[in-house]
Amino acid sequence: MIYFQEATSVLLSNKLRSLLTMVGLIIGVAAVIAIQVLGASMAGAIDGLLGSMSDNSFIIFPNPQQHDVTSAAIKLTDLQTIRDAVPGIVDAVPVAGINDLVRNGHNEGRYRISPESSIPFNTLPVQYGRHIDQSDVDAAANVAVLQHDAYVRLFPDGGDPTGQSVYAGPNRFLVVGVLEPPKQGFLNVNFAGQVAIPWTTYVSRYLRGSSLFAARFVTADPASIAASEAAVIKQIRAMRNKPELQYQSFDKSQVTQGINGVFSAMTLIVALIGAVSLLVAGIGIMNIMLVSVAERTREIGVRKAIGARRAQVLAQFFIEALMLCGTGCAIGWAIGIGLGALVNGVAIVRVTGSVPPLPWLQTIVIAGTFAVVVTLAFGTYPAFRAASLDPIEALRYE
Amino acid sequence: MNDSGRAIDLRDIHKTYENGPLKVPVLHGITFTIERGEYVAVMGPSGSGKSTLMNLIGCLDRPTSGTYILDGVDVSKLDDNALALLRLRKLGFVFQGFNLLARTDALNNVALPLFYAGIPVKRRLKLAQQALENVGIGDRGHHQPSQLSGGQQQRVAIARALINDPAVLLADEPTGNLDSRTSDDIMALFSRLHESGRTIVMVTHDENVAKNAHRVIRLLDGLVVADMVTEPAGHLL
């Protein structure tokens, strides 16, 4: 205990020196801790970014840069066949969209009208009314579900618009639902249009020709989505009897993996920066400990003359290094947590809609590990040197 | 363990410093004994080897050859840790420059050897307070060394040297940094300690200080040239 008291008084008597020594450690630990906090938030944030994208849907489209584009095109009539032939596929819908002026009295705006099935691609819950259902699809009903921004523009007075109609050119659609506003912040993944109508309605009103831009398929099991994608592509090739046809697939897990990949790279870079700054900080700590040992040579001589054993002198300087590192890491941890919480509160919250919890335990363990590792790596030698001093030489030291 | 009653028993002590290929002999065969309760001054000009002898007696160093028995323990062959324990249990050092720890109050300075001896903190501080009272500065326990006069600092150092109840109190020019009046006070304290039965070995080059001892050993060129029992003049001079 006396070791801690003495170490505290030594470190406090050289406040500026102690602080400067710790700066490197503080920066390194703060960077690593902040990235840990953001890493934990990021998992939730990615989900938030893509939150409205259904995770059991995938889109297949022909690769436009292939020789036989015409054969590769997915046709409307293919959808039913694929749905029946490929196990696990529960729905198949054309992916399309048309920009048109949509009006409600004086209020109007250009919006993308897109086909939707009873299993929506956009999983946002409804604010008013309901989603498009199977009976709408079966009947090719003239109904529409509005995304929130279209609703705000077309119904500026607010209120429940269900039962009212909007016009797109000559077509009249009965509004049956309004989606809640999306939570997306900076990365707006929006494949669905602002005005969703039953895909059967879309086919009869807007689809020209039978070739589709792409098709969306819904699987029963999101876990086997990659296998389903491969099965669908294989089925199309078999139907055409052309195994050379090229298709691309897109689903939520691909985007998630992409963002995760970018973030892992970022984490690695910050971890490397942290490691380098910890190395530099450690060398600084070793340097200042050596200075401290040199300055206190005489004191060490007195302690040894009085009867301090080697291990006791070693312990004293080791604990001093540990306190220096511990304090530095604690301050760095606090700054890192603070930075992380700030970014959570300012940016992440916009994406996910809630402040993600801070990874207290994980970051404390990391900061504590750094303190111990840096102490062991850089505090041992100065302490060893102090313990090895010859008492006669040390007492003679001026 | 100690049936001889001898505090210090030096037999044919040689000490040679090796500085690379250069061998510097300093002590050429020192033999003397100091009984318990003696008050001995070791004198000699600089270069006579008295510092080296002091380091050997203080268990800070080992003789090149010869036998040194401190309070019944043969010191000559002990390793560093055993020497440290011996210094802790059987020796008390008083230095010319006081050598108190800065940033540490008098009480904790005095208690330091007890910390290394593993005595619990409450008992440490209680014993340290008693030791300070014994040297007449019981009211200065919470002063930092920088807040104390030279004489007071040396009293703290003496209290620290005595706290482990050592077999021998070693003093190296204990009045070297003090004015004459304060020196007299410290010498009076040493005499009082001697009267209460302490074994004291004091290195000095000051004849007036040496007069306080009741025996003077004179060194010259690494040999004992005189060993006389004098009339203890004490603090009356």
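Starting afresh in each chain, residues are numbered from 1 along the sequence in its written order. As a convention, the first chain written is A and the first ligand written is 1, with the rest following in written order. Restriction of local features to residues with pLDDT of at least 70 applies here, the model being predicted, together with a cutoff of 80 or more for giving and counting side-chain atom pairs; totals for whole chains, interfaces and linings are based on all residues. Based on all heavy atoms of the structure, the side-chain values leave hydrogens and waters out of the count.

1. Points about the overall build of chain B
Across its full length, chain B holds 7 helices and 10 strands. Using C-alpha atoms as the atom set, the radius of gyration is obtained and then compared with a globule rule of 2.2 Å times the number of residues to the power 0.38. Its C-alpha atoms give chain B a radius of gyration of 18 Å, near enough to 18 Å, the size a compact globule of 237 residues would have. The C-alpha extent of chain B, read off along each of the three principal axes, is 50 × 40 × 40 Å. For the exposure calls, accessible area comes from a 1.4 Å probe over protein chains only, and a residue counts as buried if that area is under 20% of its type's maximum, exposed if over 50%, partly exposed in between. Out of the 237 residues belonging to chain B, those deemed buried represent 53%. Across chain B, the fraction of contacts at a sequence separation of at least 24, relative to all contacts at a separation of at least 6, is 68%. Of the roughly 10600 Å² that chain B leaves accessible, carbon and sulfur atoms contribute 49%. Counting from the N terminus, the helices are DSSP H or I runs at least four residues long and the strands are E runs at least two residues long. Pairs of residues are marked as contacts when any of their non-hydrogen atoms sit within 4.5 Å. Accessible surface area values rest on a Shrake-Rupley calculation with a 1.4 Å probe, where residue burial reflects the displayed protein chains alone.

2. A closer look at the interface of chain A and chain B
How big an interface is tends to be stated in terms of the accessible area lost upon association of its parts. On the chain B side, the residues contacting the 24 residues of chain A number 19 residues. The buried area of a pairing is the accessible area, by a 1.4 Å probe, that goes missing from both parts when the two are put together, added over both. Roughly 2000 Å² of surface becomes buried between chain A and chain B when both sides are summed, with 62% attributable to carbon and sulfur atoms. Whenever a carboxyl oxygen of Asp or Glu lies within 4 Å of a side-chain nitrogen of Lys or Arg, that contact is scored as a salt bridge. Taken together, chain A and chain B are joined by 1 salt bridge. The closest approach of N and O atoms between Glu299(A) and Arg103(B), which form a salt bridge, is 3.7 Å. The term polar contact refers here to a pair of N or O atoms within 3.5 Å; inside protein, the definition further demands a hydrogen-donor-capable atom paired with an acceptor-capable atom, and it admits residues adjacent in sequence only when both atoms are side-chain atoms. Applying the counting rule to chain A against chain B returns 5 residue pairs in polar contact (both at pLDDT 80 or more). Breaking the side of chain A that touches chain B down by element, the ones donating at least two residues are helix 1 (2-13), helix 10 (297-306), helix 11 (310-352) and helix 13 (391-396) of chain A. In terms of residue count, helix 10 of chain A provides more of the side of chain A that touches chain B than any other element does, 7 residues in total. Only Asp, Glu, Lys and Arg are considered charged in this grouping, and only Ala, Val, Leu, Ile, Met, Phe, Trp, Tyr, Cys and Pro are considered nonpolar; every other residue, Gly among them, is considered polar. Counted by class, the side of chain A that touches chain B contains 10 nonpolar, 5 polar and 9 charged residues.

3. What to know about unusual backbone geometry
Residue and element names in this part refer to chain B. You will see that Asp 12, though not glycine, has its phi angle at about 50°, which is positive. Mapping Asp 12 onto the fold places it in strand 1 (residues 6-19). Positive phi, normally seen in glycine, also occurs at Asp 165, with a value near 50°. Assignment of secondary structure puts Asp 165 in the loop between helix 5 (150-162) and strand 7 (168-172).

4. With respect to the confidence of the model for chain B
Residues and elements named next belong to chain B. Confidence of the predictor at the level of single residues is given by pLDDT, which spans 0 to 100. The share of residues in chain B with pLDDT of 70 or more is 95%, and the mean pLDDT across the chain is 90. Long-range and interchain partners of residues 233-237, a stretch whose pLDDT sits below 50, account for 8 contacts in this model, where long-range means more than four residues apart. Prediction confidence for the complex, expressed as pTM and ipTM, is 0.72 and 0.91 respectively.

5. So, the packing of helix 3 (residues 106-116) of chain B against helix 5 of chain B
Residue and element names in this part refer to chain B. Orientation is described by axes fitted as lines to C-alpha atoms, over the contacting stretch for helices, and by angles from 0 to 180 degrees between their N-to-C directions. For the pair helix 3 and helix 5, the least separation of the axes is 7 Å and the interaxial angle reads 30°. When the axes of helix 3 and helix 5 are compared, the pair comes out roughly parallel. Read as a crossing pair, helix 3 and helix 5 show a hand that is right-handed. Residues Ala 106, Asn 109, Val 110 and Pro 113 of helix 3 touch helix 5, and the partners they reach there are Val 156, Ala 159 and Arg 160. Looking at the contact of helix 3 with helix 5 residue by residue, the class counts come to 5 nonpolar, 1 polar and 1 charged. For classification, angles of less than 35 degrees are called roughly parallel, those exceeding 145 degrees roughly antiparallel, those between 65 and 115 degrees roughly perpendicular, and all remaining angles oblique. In this scheme the crossing of two helices becomes right-handed for a clockwise turn of the near helix relative to the far one and left-handed for an anticlockwise turn of less than a right angle.

6. Looking at the sheet that holds strand 10 (residues 223-229) of chain B
All names here are of chain B. Two strands make a pair as long as DSSP finds a minimum of two bridges between them. The 6 strands are arranged 6-7-8-3-9-10 in an open sheet whose pairing can be described as mixed. Each edge of the sheet is formed by a strand with only one pairing partner; in this case those strands are strand 6 (91-94) and strand 10. Direction aside, the axes of adjacent strands within the sheet are offset by 20° on average. By the bridge criterion, 6 bridges tie strand 9 (residues 215-220) to strand 10 in an arrangement that is antiparallel. Each residue of the ladder has a partner; that of Leu 220, found in strand 10, is Leu 223.

7. What to know about the packing of helix 3 of chain B against helix 4 (residues 121-134) of chain B
Residues and elements named next belong to chain B. Look at helix 3 against helix 4: their axes get within 8 Å of each other, and the N-to-C directions meet at 120°. The orientation of helix 3 with respect to helix 4, classified from their angle, is oblique. For the element pair helix 3 and helix 4, the recorded crossing hand is right-handed. Mapping the contact onto sequence places Ala 106, Leu 107, Asn 108, Val 110, Ala 111, Leu 114 and Phe 115 in helix 3 and Arg 124, Leu 125, Leu 127, Ala 128, Gln 129, Ala 131 and Leu 132 in helix 4. Of the residues contributing to the contact of helix 3 with helix 4, the split by class is 11 nonpolar, 2 polar and 1 charged.

8. A closer look at a nonpolar patch on the surface
A cluster of nonpolar side chains, namely Ile331(A), Ile335(A), Leu339(A), Leu342(A) and Val346(A), defines an oily patch on the protein surface of about 420 Å² accessible area. Looking at where Leu339(A) falls in the secondary structure, it is placed in helix 11. Like charges are joined within 9 Å and nonpolar side chains (Val, Leu, Ile, Met, Phe, Trp, Tyr) within 5 Å, but only among residues with over 30% relative accessible area and no salt bridge; these make up the patches.

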